[in-house]
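# Chain and residue survey
Below are the chains, spelled out letter by letter.
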Amino acid sequence: MNILSLKINNYKNISDLHIDIPEKIICLVGNNGAGKTNFLDAIHYLSNTRSYFNHIDQQNIKYNENFFHIEGKFKRLNEINLVKSSFSLERGKVVKLDDKKHKKLSEHFGMFPVVIITPYDIDLILDGSELRRNFIDSVISQYDKDYLHNLINYKKILLHRNSLLKNFAEKNYFDKESLEIWDYKIIKISPEIHKSRMVFYNEFVQIFKEYYLKISGTDEKTDIQFKSDLTEDSIENILNKNIKKDIAFQRTTAGIHKDDLIFTIDNQQLKKMASQGQQKTFLTALKFAQSNYIKRHTGFRPVLLLDDIFDKLDAERVKNVVNLVSDDHFGQIFITHTDKEKLERIISPANVPYSIIEVNKGQFEQML
């Protein structure tokens, strides 16, 4: 999948941009804060109907403006589509495919997949389990609409159950029959979500390991473990065993919304012992595996958005990353860097066509 052209108006610090994109590898160079990452985020918005960094649309409007508009022409297999995403203070969010408005944003999700790697992704390793569950969900939802539908419904059900538990505490009463209404819905939907996550995990972990070895060039032993309450017990038993705890904490304390991925290297948790280079390698392998996995299940390659990817990697790992992204396993690739000459020295040995866009205070120079 390729992006053939991109228009951006009033998105973050980008006032007015219209650019054609002819090459497989596009390099954006400029100082920190120039707008390189905002350019990548605009592409992510077209794909996912939201910013990767800030989900509050109003805060992504350029200062002193009242709307933003992004549109991109995508070539997917042999088909060309025009995607338009906009948000205004008056009309809210509108997403169109070939000038036809989506009734639900979920209809658009997965149609034009992108995979983004940014310095902020270190939170995937260091922060809580929610980010890692979101990672799983974002990959599966790209190609499985039933999973996305189940996930949306589960979150609504969980919200209602938690609200009821909180109401019990506030009014000092307990209504078993009311709780069982939501328990029944959770018991019905949880096994389907769990099954999809297990199928994903069993295939994904092998792809990830292969990429880690290719990037690192070492024999470091990495692993990903899938942790879920439903692996050990049925959701019905889990809810019954935790009812007193749920009432005390006023929320549902166990279930698929507590699933997690445990990252290890040489049998030690990644966040406790790995170097910055190992963590960056791990994250890059995760995202490359994500791209590969989506390609296997959709039939086309996602666009890769690589924001400051070479930081913290030694020269050998940088070389391995460039060799990987230059072959036919990946589609179109956008790479940001602060140093034009250094980036050219990194990319040139791969002998693949590339273009450079110079970025300065939200302004984008013609491709060189």
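Report follows, based on the coordinates. (Residues numbered from 1 in each chain as written. Predicted model: local features only at pLDDT ≥ 70, side-chain atom pairs only at ≥ 80, totals over all residues. Heavy atoms only, no water.)

### Remarks on the nonpolar core
Counting 68 residues, the largest nonpolar core has Ile224, Leu286 and Phe288 as its most contacted members. Among the elements that make up this core, the one with the highest residue count is helix α5 (residues 176-216) (twelve residues). Those residues within four positions of Phe288 in sequence are excluded, and the remaining contacts are Ile117, Tyr211, Ile215, Leu304, Leu306, Ile309, Val321, Leu324, Val325 and Phe330. Membership of the second largest hydrophobic core comes to 36 residues, among which are Leu40, Ile61, Leu97 and Val114. (Core = buried A, V, L, I, M, F, W, Y, C linked by side-chain atoms within 4.5 Å. Buried < 20%, exposed > 50% of the residue type's maximum accessible area, 1.4 Å probe, protein only. Helix = DSSP H or I, 4+ residues; strand = E, 2+ residues; numbered from the N terminus. Contact = heavy atoms within 4.5 Å.)

### Quick notes on the pattern of salt bridges
Following the criterion strictly, the structure yields 18 salt bridges and no others. Note that Asp99 and Lys84 form a salt bridge whose closest N and O atoms lie 2.9 Å from each other. Remark: Lys84 occurs in strand β5 (residues 79-88) and Asp99 occurs in the loop between β6 (92-97) and β7 (100-101); sequence separation between them is 15 residues. Residues Asp183 and Arg161 are paired through a salt bridge, measuring 2.5 Å at the closest nitrogen-oxygen approach. Here Arg161 lies in helix α4 (residues 145-171) and Asp183 lies in helix α5, a separation of 22 residues in the sequence. Assessed through its relative accessible area of 11%, Asp183 is described here as buried. Under the relative-accessibility criterion, Arg161 is labelled buried at 0%. Salt bridges sharing common partners tie together Asp137, Arg197 and Asp259. (Salt bridge = Lys/Arg side-chain N within 4 Å of Asp/Glu carboxyl O.)

### A closer look at the sheet that holds strand β10 (residues 260-265)
Read across the sheet, three strands follow the order β9-β10-β11 without closing on themselves; strand pairing throughout is antiparallel. Looking at which strands have only one partner, the edges of the open sheet turn out to be β9 (222-227) and β11 (268-269). Relative to β11, β10 is paired through two bridges, and the arrangement is antiparallel. Note that in β11 the partner of Thr264 across the bridge is Gln269. Along the sheet, helix α3 (residues 129-141) contacts β9 and β10; its crossing angle with β10, the most-contacted strand, is approximately 100°. (Pairing = 2+ DSSP bridges. Axes fitted to C-alpha atoms, helices over the stretch in contact; angles between N-to-C directions.)

### Topic: α4
For an α-helix, 3.6 residues make a turn, and residues three or four places apart therefore share a direction. End to end, α4 covers 39 Å across 27 residues, agreeing with the expected 39 Å (1.5 Å per residue, within 8%). Among all positions in α4, only Tyr147, Leu148, Asn150, Leu151, Tyr154, Ile157, Leu158, Arg161, Leu164, Leu165 and Phe168 are buried. Just beyond α4, the residue with positive phi is Asn172, at close to 55°. (Expected span 1.5 Å × (residues − 1).)

### Describing the packing of α5 against helix α11 (residues 315-326)
At a minimum axis separation of 7 Å, α5 and α11 run at an interaxial angle of 125°. The pairing of α5 with α11 is recorded here as oblique in orientation. Between α5 and α11, the residues in contact are Tyr211, Tyr212, Lys214, Ile215 and Ser216 and Arg317, Asn320, Val321 and Leu324, respectively. Residues that form the contact of α5 with α11 fall into these classes: five nonpolar, two polar and two charged. (Parallel < 35°, antiparallel > 145°, perpendicular 65-115°, else oblique. Nonpolar A, V, L, I, M, F, W, Y, C, P; charged D, E, K, R; others polar.)

### What to know about the packing of α5 against helix α10 (residues 276-298)
Where α5 contacts α10, the two axes come as close as 8 Å, and the packing angle between them is 130°. By the criterion of interaxial angle, the relationship of α5 to α10 is oblique. Handedness of the crossing formed by α5 with α10: right-handed. (Left-handed = near helix turned anticlockwise from the far one by under 90°.)

### Points about the side chain of Arg132
Structurally, the position occupied by Arg132 is in helix α3. For Arg132, a relative accessible area of 5% puts it in the buried group. Within the structure, the side chain of Arg132 is placed 2.9 Å from the backbone oxygen of Asp127, a separation counted as a polar contact. Excluding its chain neighbours within four sequence positions, the residues that come into contact with Arg132 are Leu124, Ile125, Asp127, Asp260, Leu261 and Phe263. (Polar contact = N/O pair within 3.5 Å; in protein donor to acceptor, adjacent residues only side chain to side chain.)

### Describing the pairing of strand β3 (residues 25-29)
Counting buried positions along β3 gives five out of five residues, so the element sits mostly inside the fold. Residues of β3 alternate between two faces, with Ile25, Cys27 and Val29 on one and Ile26 and Leu28 on the opposite face, all of them buried. The sheet contact formed by β3 and strand β13 (residues 333-337) spans five bridges and is parallel. By the bridge assignment, Val29 is partnered in β13 with His337. Summarising the sheet, β3 and strand β14 (residues 354-360) pair through five bridges and their orientation is parallel. Looking at β14, one finds that Val29 is bridged to Glu358.

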